[in-house]
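Here is how the chains run, residue by residue.
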Amino acid sequence: MRINSKRFAAGAALALVATLGLAACGSDDDGGSDGGGGGGDKTTVTFLPKNLGNPYFETSDAGGKRAVEEFGGTFAEVGPDTAGPDAQVSYIDTAAAQGVNALIVSANDPTALCDSLNAAREAGTKVVTFDSDTDPECRDLFINQATAEGIAKVQVDMIAEQIGDAGEIAILSAAANATNQNAWIDLIKEDLAANHPNIKLVDTVYGDDDDQTSFDKTAALLADHPNLKGIVSPTTVGISAAARYLSTSASKGKVALTGLGTPDQMRDYVKDGTVTEFALWNPEELGYLSAYAGKALADGDITGAEGDTFEAGDLGEFTVGADSTVLLGDPFRFNADNIDEFHF
Amino acid sequence: MSTSTLAPSQESPATRALHTVLRSRELAIVIVLGLIIVLATARRSSFVLSADGWRDTLLAPSILLLLAVGQMVVVVTRNVDLSVGSTLGITAYVTGKIFVANPDISVVVVFLAGLAVGAVIGAINGVLVTLFKVPALVITLGTMYVLRGALTHEVGSDRMNAQDYPAHFERLGTQQVLTIPVLTIIALVVVAAVGYYLHTARGGRELYAIGSDPDAADLYGLPAGRRVLGAFVLCGALAGLAGVFSAARYATAFSGTGSGIELQAVAAVVIGGVAIFGGSGTVWGAAIGAFLLVTINRALPILGISEFWQGAVVGALIIGSIVLDRVLSIRRTHQLVEARDHA
């Protein structure tokens, strides 16, 4: 008897979900035809960053919001408090159940999200990854902030300039399994080996994109390598924590620090001489482009095939490259001369 | 019938004091701590002997010291407070908010604000635990998530950066008096004051009694509810102070600041020999436990142990502490039984 009633409840729940799903599909169709008739658009776009409270993603999501407002769609932002491989799954499932038209994700893990993302795509949601990609078969399009080669090269160039192209350097990364950081680090090593024989990479440590951990790892790096000439931190949390430690240590001005950072986090450290120059793309434009890409997919203007072109508001026209990837542009260098022009 | 009273000690006070130290549970972790510092310094003299190394050795544990002392006072009453990490995050962020609104405000006012915010949160925990008689583990697990959620909701996109904290406050994060960092001095004063209170004051001893046997304490007429509430208020206030410390040291705060540090505080207390079921342990032990935990994390990379093993080392330390406590407690029981049988 109990088993039966449980079964009944499960069946009822399933039916209810199915009905809601159908209802959602129906309203989407209505929205699409309305959008076709008038200037308005009801494309729903949901941003799912690695975690909330991260200024980098807040800026990219703000860019996405600006784009969605331009084309008159509905914007939403959801995400976990802390970045973890499976923390995003429940948000993907919810977005799929709501039947959003485009889900814009920065993946915490290349494979852990695949089942959920593919389930969402089967339900009709277009999946765009940005910042951190998943395996290509789990998404429709990846918006690349810059090529990995470009990012690795700008960091190698900056550290080489700052330490006179010779000496020991170390890398302070994010989590040990962070997709993009690991790809960049491999390319940094190749670039160093090929073009900078006098620079020696002595250590790579992981600050887990946590202020305290990154701060403590920086202290350990300096203690462990007395001859260290420079630190490269290809993560915004890492570079600002390292700058905080360096700015109060005897190594300030002696050990160079560069990498990828945001102007707001680094402003004080550039002004007090701890940091000379660091780089980043513009995350606001990254989010903006991702939202337009999501809309182009949802409208059926593009399918994500190589050679497809679409308009992204005031950024102009973009072309889809190999592996369904769209490239934003080259990294930008921030230093004392230009940092006050940026606020993110 | 036979009497089970022990004869008064025949030893002089000096030898007794020496024996107390030698037999004390805290000595074991002091030795481990000393060993780690010596090994790391032998490998890299700058670990302690450089200006930065000396400062970091003393400064790095200051935040966890505060949390461990607060946690110890709660644990000794057979409770636990898992919300301290969320409290720390809230006050670190609130500190930034205060400075953004009023950059010239006195640092003392900010410290008091941190204490007050933390004390209010502690009072909420304490009232929930004593009023509803629900295990503190459950209540504070709940408030941990509620507070973290509220903080994330409130903070959302925002983040406190170095440019938001005034320079004089950031300097406090590394300021030293006679080479001792100011934050460490404050933390040690807290350790001494709380340790003295728990060791000598009636209220302090009652906390042990309550944790040792809550029913007996109740029957005896001890004001258990009031004492436990007080322990939670103190724990919350110290977590609030730790949040201000965190802001001064790291010059940053966001919605995730301090998440996970509550478990480090519990670990420090356990490593320090405080019984997780209450009734025994010392503030000194918890403080040394915190010192050891932080120093181990700093020393392992220098000793050439991969950082991926650091969690395992801390885990082994916790389990080792529990085993040591168990062995000591069995030996003590045997000694007492023998003493009784001989009498």
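What you see is a predicted model; the values in this text were computed from it and never measured.

Right, let's get into the overall build of chain A. Per the secondary structure count, chain A includes 10 helices and 14 strands. Here chain A holds 344 residues, and the buried ones make up 53% of them. For chain A, the proportion of contacts with a sequence separation of at least 24, taken over those separated by at least 6, is 73%.

So, about the interface of chain A and chain B. At the junction of the two partners, chain A supplies 28 residues and chain B supplies 31 residues. Taken together, the elements giving at least two residues each to the side of chain A that touches chain B come down to helix 2 (55-70), strand 7 (199-206), helix 7 (211-224), helix 8 (236-247) and helix 9 (263-271) of chain A. For the side of chain A that touches chain B, the leading source of residues is helix 7 of chain A, giving 8 residues. Its residues assigned to classes, the side of chain A that touches chain B shows 12 nonpolar, 7 polar and 9 charged.

Now for the sheet that holds strand 2 (residues 74-77) of chain A. Residues and elements named next belong to chain A. The strand order across the open sheet formed by 6 strands is 2-1-3-4-5-13, and the pairing between neighbours is parallel. Of all strands in the sheet, those with a lone pairing partner are strand 2 and strand 13 (325-327), marking the two edges. Each strand axis lies, on average, 20 degrees off the axis of its neighbour in the sheet, ignoring direction. As paired elements, strand 4 (residues 126-130) and strand 5 (residues 141-144) share 3 bridges and run parallel to each other. Residue pairing in the sheet places V128 in a bridge with L141 of strand 5. Of the strands in this sheet, strand 1 (44-48), strand 3 (102-105), strand 4, strand 5 and strand 13 are in contact with helix 10 (residues 283-298), which crosses strand 4 at around 160 degrees.

We now examine the pairing of strand 7 of chain A. Residue and element names in this part refer to chain A. The pairing of strand 6 (residues 167-173) with strand 7 spans 7 bridges and is parallel. Among the inter-strand pairings, S173 is bridged to a residue of strand 7, identified as Y206. Handedness of the crossover joining strand 6 and strand 7 through helix 6 (residues 179-195) is recorded here as right-handed.

Moving on, we get to the sheet that holds strand 8 (residues 228-233) of chain A. Residues and elements named next belong to chain A. Strands sit in the order 7-6-8-9 across an open sheet of 4 strands; the sheet is parallel. Every interior strand has two partners, whereas the edge strands, strand 7 and strand 9 (256-259), have only one. Averaged over all pairs of adjacent strands, the angle between strand axes in this sheet comes to 25 degrees, irrespective of strand direction. Note that strand 8 and strand 9 share 4 bridges and pair parallel. Along strand 9, the bridge assignment pairs I231 with L257. Lying over the sheet, helix 6 contacts strand 6, strand 7 and strand 8, oriented at roughly 165 degrees with respect to strand 7. Against the sheet, helix 8 engages strand 6, strand 8 and strand 9, with an angle of about 165 degrees to strand 9.

Okay, the domain arrangement of chain A next. Often the size quoted for an interface is simply the accessible area lost on bringing the parts together. Residues and elements named next belong to chain A. When the domains of chain A are assigned, the result is domain 1 (41-146 + 283-329) and domain 2 (148-280). Summarising the inter-unit geometry, the C-alpha centres of domain 1 and domain 2 are found 29 Å apart. Residue-level contacts link 7 residues of domain 1 with 9 residues of domain 2. A per-class count over the side of domain 1 that touches domain 2 returns 5 nonpolar, 1 polar and 1 charged.

Moving on, we come to the nonpolar core. Judged by nonpolar contacts, the single largest core of 184 residues is most densely connected at B:L66, B:L67, B:A68, B:V69, B:V73, B:L238 and B:A287. It is helix 13 (residues 224-250) of chain B that provides the largest number of residues to this core, a total of 17 residues. When residues of this core are assigned to domains, at least three fall in each of domain 1 (41-146 + 283-329) and domain 2 (148-280) of chain A. Setting aside its immediate chain neighbours within four residues, B:A68 contacts B:A265, B:A268, B:V269, B:A286, B:A287, B:G289 and B:A290.

Another point: the pairing of strand 10 (residues 277-280) of chain A. Residue and element names in this part refer to chain A. Neither face of strand 10 is open: one carries E277 and A279, the other F278 and L280, and all of them are buried. As defined by bridge partners, strand 10 adjoins strand 14 (residues 332-335) across 4 bridges and the pair is classed as antiparallel. Looking across to strand 14, one finds that E277 is bridged to N335.

Let us now look at helix 7 of chain A. Over its 14 residues, helix 7 of chain A runs 20 Å from end to end, which matches the ideal 20 Å to within 8%, given 1.5 Å per residue. Buried residues dominate helix 7 of chain A, accounting for 14 of its 14 residues.

Moving on to the packing of helix 5 (residues 62-75) of chain B against helix 10 (residues 182-200) of chain B. All names here are of chain B. Put simply, helix 5 and helix 10 touch, their axes get as near as 9 Å, and they point 15 degrees apart. With respect to each other, helix 5 and helix 10 are oriented roughly parallel. Taken as a pair, helix 5 and helix 10 cross one another with a handedness that is left-handed. Listed contacts from helix 10 to S62, L65, L66, V69 and V73 of helix 5 are L183, T184, A187, V190, V191, V194 and L198. Its residues assigned to classes, the contact of helix 5 with helix 10 shows 10 nonpolar, 2 polar and no charged.

Residue and element names in this part refer to chain A. We note that D208 has phi near 55 degrees; this positive angle belongs to a residue other than glycine. Of note, D208 is situated in the loop between strand 7 and helix 7. With 20 C-beta atoms counted inside 10 Å, the residue D208 sits in the buried group. Here D209, not a glycine, exhibits a phi torsion of approximately 55 degrees, which is positive. Residue position: D209 is located in the loop between strand 7 and helix 7.

Confidence in the prediction of chain A, expressed as mean pLDDT, is 85, and 88% of residues score 70 or more. Ignoring residues within four places in sequence, the model shows residues 1-39 of chain A, a span with pLDDT below 50, making 14 contacts including any to other chains.

Conventions adopted
- Residues numbered from 1 in each chain as written.
- Chains lettered and ligands numbered in written order.
- Predicted model: local features only at pLDDT ≥ 70, side-chain atom pairs only at ≥ 80, totals over all residues.
- Helix = DSSP H or I, 4+ residues; strand = E, 2+ residues; numbered from the N terminus.
- Buried ≥ 20, exposed ≤ 12 C-beta atoms within 10 Å, placed from the backbone.
- Contact = placed C-beta atoms within 7 Å.
- Nonpolar A, V, L, I, M, F, W, Y, C, P; charged D, E, K, R; others polar.
- Pairing = 2+ DSSP bridges.
- Axes fitted to C-alpha atoms, helices over the stretch in contact; angles between N-to-C directions.
- Right-handed = clockwise from strand over helix to strand, strands pointing away.
- Domains from an automatic or database assignment.
- Core = buried A, V, L, I, M, F, W, Y, C linked by C-beta atoms within 7 Å.
- Expected span 1.5 Å × (residues − 1).
- Parallel < 35°, antiparallel > 145°, perpendicular 65-115°, else oblique.
- Left-handed = near helix turned anticlockwise from the far one by under 90°.
- pLDDT = per-residue confidence, 0-100.

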